Amino acid sequence: MTMVSVLGQRVARRVGRVQVCVVLSFTGCVALLALAYVEEHGWHIVLPIYFLSTLQHCSRPLRKSILMDFVPKSRRARVN
């Protein structure tokens, strides 16, 4: 997850933070739904889908930076 977070931050410099957050979150949600419908398959199918479902958590640093752009410095401790 750390590698994808760092990669996401680098891609966000070129594409945009919001766009990267949307793509990572959407991919993670689709993989989580796929994981719910995979029945009685081996670990070689379930494990990659599980790792794809964790992509939605990799956008947390980007979402936090977007939030902090709109919160005044005097109130950041309350929001954080």
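Scroll up a little and you will see the structure.
First things first, this report covers the structure right here in the doc. Predicted model, so just to flag it, every value in this text is computed and none were measured.

## What about the overall build of the chain?
Alright, step 1. For the chain, the count of helices and strands is five helices and zero strands.
Alright, step 2. Listed N to C, the secondary structure of the chain is α-α-α-α-α in terms of helices and strands.
Alright, step 3. Against the 2.2 N^0.38 benchmark of 12 Å for 80 residues, the chain shows a C-alpha radius of gyration of 15 Å, more extended than a compact globule.
Alright, step 4. For the C-alpha atoms alone, the extent of the chain along its principal axes is close to 50 × 30 × 20 Å.
Alright, step 5. Split into buried and exposed, the 80 residues of the chain put 24% on the buried side.
Alright, step 6. Partitioning the contacts of the chain with sequence separation of at least 6, the portion at a separation of at least 24 is 61%.

## Observations concerning the pattern of salt bridges
Alright, step 1. Evaluated as defined, the whole model comprises one salt bridge.
Alright, step 2. Between aspartate 69 and arginine 17 there is a salt bridge whose closest N-O contact spans 2.4 Å. Note that aspartate 69 is positioned in helix α4 (residues 60-70) and arginine 17 in helix α2 (residues 17-37), a separation of 52 residues in sequence.
Alright, step 3. Judged by its relative accessible area of 30%, arginine 17 falls in the partly exposed class.

## Digging into the nonpolar core
In summary, soluble globular proteins display a tendency toward joint burial of nonpolar side chains.
Alright, step 1. Ala12, Val20, Cys21, Leu24, Leu55, Cys58 and Leu62 together form the largest nonpolar core, which totals seven residues.
Alright, step 2. Counting residues per element, this core draws most heavily on α2, which supplies three residues.
Alright, step 3. The residues contacting cysteine 58, other than those within four sequence positions of it, are Met1, Val4, Ser5 and Leu24.

## Overview of a nonpolar patch on the surface
Alright, step 1. Where nonpolar side chains cluster on the molecular surface, the patch consists of Trp43, Leu47, Tyr50 and Phe51 and spans about 500 Å² of accessible area.
Alright, step 2. Tracing the sequence through the fold places tyrosine 50 in helix α3 (residues 43-53).

## Digging into the packing of α2 against α3
Alright, step 1. Here α2 crosses α3 at 145°, and the two axes come no closer than 7 Å. The chirality of how α2 crosses α3 is left-handed. The residues of α3 that touch α2, namely those facing Thr27, Gly28, Ala31, Leu32, Ala34 and Leu35, are Val46, Ile49, Tyr50, Leu52 and Ser53.

Basis of the calculations
Residues numbered from 1 in each chain as written. Predicted model: local features only at pLDDT ≥ 70, side-chain atom pairs only at ≥ 80, totals over all residues. Heavy atoms only, no water. Helix = DSSP H or I, 4+ residues; strand = E, 2+ residues; numbered from the N terminus. Rg over C-alpha atoms; globule rule 2.2 N^0.38 Å. Buried < 20%, exposed > 50% of the residue type's maximum accessible area, 1.4 Å probe, protein only. Contact = heavy atoms within 4.5 Å. Salt bridge = Lys/Arg side-chain N within 4 Å of Asp/Glu carboxyl O. Core = buried A, V, L, I, M, F, W, Y, C linked by side-chain atoms within 4.5 Å. Patch = residues over 30% accessible without salt bridge, like charges linked within 9 Å, V, L, I, M, F, W, Y side chains within 5 Å. Areas by Shrake-Rupley, 256 points an atom, 1.4 Å probe, with all protein chains shown as cover. Axes fitted to C-alpha atoms, helices over the stretch in contact; angles between N-to-C directions. Left-handed = near helix turned anticlockwise from the far one by under 90°.

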